[in-house]
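Spelled out, the chains give:
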Amino acid sequence: MKIALDVDGVLADVIKSWLSYSNTIRPKISKHEITDWEFWKKFQINRFDFYEELSSCWKNWYSIPPTEENLSTVTKNLSNLGQVDIVTAREKSTDSFVKNWLAHHNISYDNYVSVVDGPMKANLDYDIFIDDSPLNATKFLNHNKTVILYSQPWNEHMYDDRIHRITNLSEVEDKIH
Ligand SMILES: [Mg+2]
């Protein structure tokens, strides 16, 4: 069994770092208000500014908080279920920062796979995708992949009875057995 594990929004709570920055230069937003993947439209934030600022947050990787405690133990347990690869969509320049972050948090994984955009992940040879993006989730379903959706405010609206929703990574094991 091959498992693709996402980073942003699943392991790393990078939106918190971005909000800390954005809230110093724009009207304040809190995480629970980010109820859409393309939330920047609602807040009239330029898409390119958003992604550039997100990449800047990764330069400061040390300050990005994990989504939950004990990621080290949880990912170690995941690796007993099969091959677990980090599969992340991002700007190439941030790969080294992400790898530093994963090492710093003692995350267990087999391979590090970086793609240019999220939905491209669906074309890769994995059985299970653990992700927080509603766009990616739709594409995974279209490719008949097993989708484990990590609950975040921007995917709460997504409902499909094929989706396995989790609020904690320790729930993965129950979902795939
Ligand atoms: Mg993500």
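Computed from a prediction, not measured in an experiment: that's the story for all the values here.

A. Molecular detail of the overall build of the protein. For the protein, the count of helices and strands is seven helices and six strands. Secondary structure of the protein in N-to-C order comes out as β-α-α-α-α-β-α-β-β-α-β-β-α. Relative to a compact globule of 177 residues, whose C-alpha radius of gyration would be 16 Å, the protein shows 15 Å and is just as compact. Overall, the protein is about 45 × 35 × 25 Å in size when its C-alpha atoms are taken along their principal axes. Scored against the burial criterion, the 177 residues of the protein give a buried share of 31%. Contacts in the protein between residues at least 24 apart in sequence constitute 64% of all its contacts with a sequence separation of at least 6.

B. Inspection of the packing of helix H1 (residues 14-25) against helix H3 (residues 47-59) at higher detail. Here H1 crosses H3 at 110°, and the two axes come no closer than 9 Å. Here H1 is positioned roughly perpendicular relative to H3, judged by the angle of their axes. Of the residues in H3, those in contact with Val14, Ser17, Trp18, Tyr21 and Ser22 of H1 are Glu53, Leu54 and Cys57. Here the residues of the contact of H1 with H3 are counted per class, giving five nonpolar, two polar and one charged.

C. Spotlight on the nonpolar core. Counting 35 residues, the largest nonpolar core has Ile3, Ala4, Leu5, Ile128, Phe129, Ile130 and Ile148 as its most contacted members. Among the elements that take part in this core, strand S5 (residues 146-150) stands out by supplying four residues, more than any other. For this core, the two domains that each supply at least three residues are domain 1 (2-13 + 65-175) and domain 2 (14-63). In this structure Phe129 touches Ala4, Lys121, Phe140, Lys145, Val147 and Ile148, once residues within four positions along its chain are discounted.

D. Quick peek at the pairing of strand S1 (residues 2-5). Both S1 and strand S2 (residues 83-89) contribute to a ladder of four bridges, which runs parallel. Considered in S2, the bridge of Ala4 is made with Asp85. Note that S1 and strand S4 (residues 128-131) share three bridges and pair parallel. Opposite Ala4, over in S4, you have Phe129 as the bridge partner.

So, how was this worked out
Residues numbered from 1 in each chain as written. Predicted model: local features only at pLDDT ≥ 70, side-chain atom pairs only at ≥ 80, totals over all residues. Helix = DSSP H or I, 4+ residues; strand = E, 2+ residues; numbered from the N terminus. Rg over C-alpha atoms; globule rule 2.2 N^0.38 Å. Buried ≥ 20, exposed ≤ 12 C-beta atoms within 10 Å, placed from the backbone. Contact = placed C-beta atoms within 7 Å. Axes fitted to C-alpha atoms, helices over the stretch in contact; angles between N-to-C directions. Parallel < 35°, antiparallel > 145°, perpendicular 65-115°, else oblique. Nonpolar A, V, L, I, M, F, W, Y, C, P; charged D, E, K, R; others polar. Core = buried A, V, L, I, M, F, W, Y, C linked by C-beta atoms within 7 Å. Domains from an automatic or database assignment. Pairing = 2+ DSSP bridges.

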